[in-house]
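Descriptive structure summary
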Amino acid sequence: MDFTFTEEQQAAAEAAKGVFAGVAPDAVPSPALTPGAVAETYDRALWARLADADLLSLLLDARYGGAGLDAIALCLVLRESARVLARVPLLESSAAAAAVQAYGGEEAKADLLTRAGRGETVLTVAAHGRTGHDPAEQSVTARQDGGTWVLDGVQTAVPWAYDADVTLVPAHTGTGRTVLALVPRGHEGSHLAEQFSTSGERLGELRLTSARLAARDVIDTDGAWEWLRDLLATGTCALALGLGERVLRMTGEYTGKREQFGFPIATFQAVAVQAADRYIDLRAMEATLWQAAWRIASGAPGPLPAAGDVAVAKIWAAEGVRRVVQTAQHLHGGFGADVDYPLHRYHAWAKHLELSLGPAAAHEEALGDLLAAHPPA
């Protein structure tokens, strides 16, 4: 097996390192000290630099100004973004644009993709359902009324909902099919209510009441939502990996300098063993991430659908990133809770990523269902 990244994928990662090099993880108020959102909007200056570096159009074809790369390249960039807690809708907008490109109609592609690749149009996805625990596509109903679609329902914890120009909303029809509706911000029949993540970012509860959309704004191709959901979950795993790697490095630097009894605590066996366990977690997170990203990018067959590899990756990402930040807090002592030190921010982001698109238990259940439906030959 060849795990080497292509030159184009490596170039995307190097470009991302350059863009994120100057980003400070503590550039906004601490979520521990802020009752509401840490900022009114995302980091627009960073978003513009990402656009200038052509990192917002990685997954788009050349006719839309993109590089025509794949999920692996996107995950490499997301990994770098999480190391500095970059406050941009990179995952959501990139994944949504890729779904429109793969499954949308020509009018929707023409309207959205070129502008999305330039960062002029921001997309997001309502992927958490009504409560965050139920399937997102079951939380909104979609029915046809003449030449339009009518949507009713609620989606919770929509990331960047107040900033996105268009939100992709999965919804179920009366026949049990799932469609993706492209709902513009402020559309008649839609309403947003503020919610806040553990990371301090502003989320939105999106409520749809008889919201009417033209047929051109609804993607009714089979498999579109499932593909988008898998890409979002895999991207979340990439964010968890990048965050975990940065936290373990911070922990190594701290324990290498902090002394007790005249020796750096990193030389104590109990400290070394805990750090080694977390390193193993990160390597497992990395291996399962690239397996899932490769299945999505290549469409290669396997004993289970690609969703099985995504579930395995998300189980490791959710459990692994939680263990990494908990061990880091333990080894930092009280210093880890100091709001003048960035570790507490990484802990808050890790909790958000752990639960985003389902905790480990939800993906274990999904994996069990897949194994039951596809028993070994």
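Preceding this paragraph is the structure being described.
Here the residue numbers are simple positions, counted from 1 along each chain's written sequence. For a predicted model such as this one, the threshold for reporting local features is a pLDDT of at least 70, and the threshold for listing and counting side-chain atom pairs is 80 or more; totals across whole chains, interfaces and linings nevertheless cover every residue. Processing note: side-chain calculations cover all non-hydrogen atoms of the structure and skip hydrogens and water entirely.

Before going further, it helps to spend a moment on the side chain of Thr 124. Comment: elements are numbered from the N terminus, with helices defined as DSSP H or I runs of at least four residues and strands as E runs of at least two. Following the sequence through the fold, Thr 124 ends up in strand β1 (residues 123-125). Definition of a polar contact: a pair of N or O atoms within 3.5 Å, with one able to donate and the other able to accept a hydrogen when the atoms are protein atoms, and with sequence-neighbouring residues admitted only if both atoms are side-chain atoms. A distance of 2.7 Å separates a polar side-chain atom of Thr 124 from the backbone oxygen of Pro 159.

Structurally, Thr 167 can be placed in strand β4 (residues 166-172). Note on contacts: a residue pair qualifies if any of its non-hydrogen atoms lie within 4.5 Å across the two residues. With sequence-adjacent residues up to four places away left out, Thr 167 is seen in contact with Thr 124, Val 125, Ala 126, Val 158, Ala 181, Leu 182, Val 183 and Leu 206.

Think of a nonpolar core as a cluster: buried Ala, Val, Leu, Ile, Met, Phe, Trp, Tyr and Cys residues, connected wherever their side-chain atoms sit within 4.5 Å. Summary of the burial criterion: residues with accessible area below 20% of their type's maximum are buried, those above 50% are exposed, and those between are partly exposed, where the area comes from a 1.4 Å probe applied to protein chains only. One finds Phe 20, Leu 50, Leu 168, Leu 228 and Leu 243 to be the most contacted residues of the largest nonpolar core, which totals 89 residues. In terms of residue count, the dominant contributor to this core is helix α6 (residues 224-257) (15 residues). Setting aside chain neighbours within four positions, we find Leu 243 in contact with Ala 82, Arg 83, Leu 85, Val 321, Val 325, Tyr 346, Trp 349, Ala 350 and Leu 353. Listed in part, the 17 residues of the second largest apolar core include Trp 149, Leu 206, Ala 211 and Val 218.

Lines are fitted to the C-alpha atoms to define the axes, a helix being fitted only along its stretch in contact, and any angle between axes, read from their N-to-C directions, falls within 0 to 180 degrees. At a closest axis distance of 9 Å, the pairing of helix α8 (residues 306-332) and helix α9 (residues 343-355) adopts a crossing angle of 160°. Considering their axes alone, α8 and α9 lie roughly antiparallel with respect to each other. The way α8 lies across α9 gives a crossing that is left-handed. For the pair formed by α8 and α9, the contact residues are Lys 314, Ala 318, Val 321, Arg 322, Val 325, Ala 328, Gln 329 and His 332 on the first element and Leu 343, His 344, Tyr 346, His 347, Ala 350, Lys 351, Leu 353 and Glu 354 on the second. Across the contact of α8 with α9, the residue classes break down as 8 nonpolar, 4 polar and 4 charged. Just so you know how the angles are binned, under 35 degrees is roughly parallel, over 145 roughly antiparallel, 65 to 115 roughly perpendicular, and the rest oblique. Take the far helix as your reference; a near helix turned counterclockwise from it by less than a right angle gives a left-handed crossing, and one turned clockwise gives a right-handed crossing. Classification used: nonpolar for Ala, Val, Leu, Ile, Met, Phe, Trp, Tyr, Cys and Pro, charged for Asp, Glu, Lys and Arg, polar for all others including Gly.

By this rule the span expected of a helix is its residue count minus one, scaled by 1.5 Å. Here helix α5 (residues 106-117) spans 16 Å end to end across 12 residues, near enough to the 16 Å set by a 1.5 Å rise per residue. Residues of α5 that are buried include every one of Ala 108, Lys 109, Leu 112, Leu 113, Ala 116 and Gly 117, and no others. Down the axis of α5, the buried set is contained in an arc of 110°. They therefore lie on one face. Lining the buried residues of α5 we find α4 (90-103), β1, β4 and β5 (178-184). Within two residues after α5, Gly 119 carries a phi angle of roughly 80°, on the positive side. An arc is given here, and it is the one of the directions from the helix axis to the C-beta atoms.

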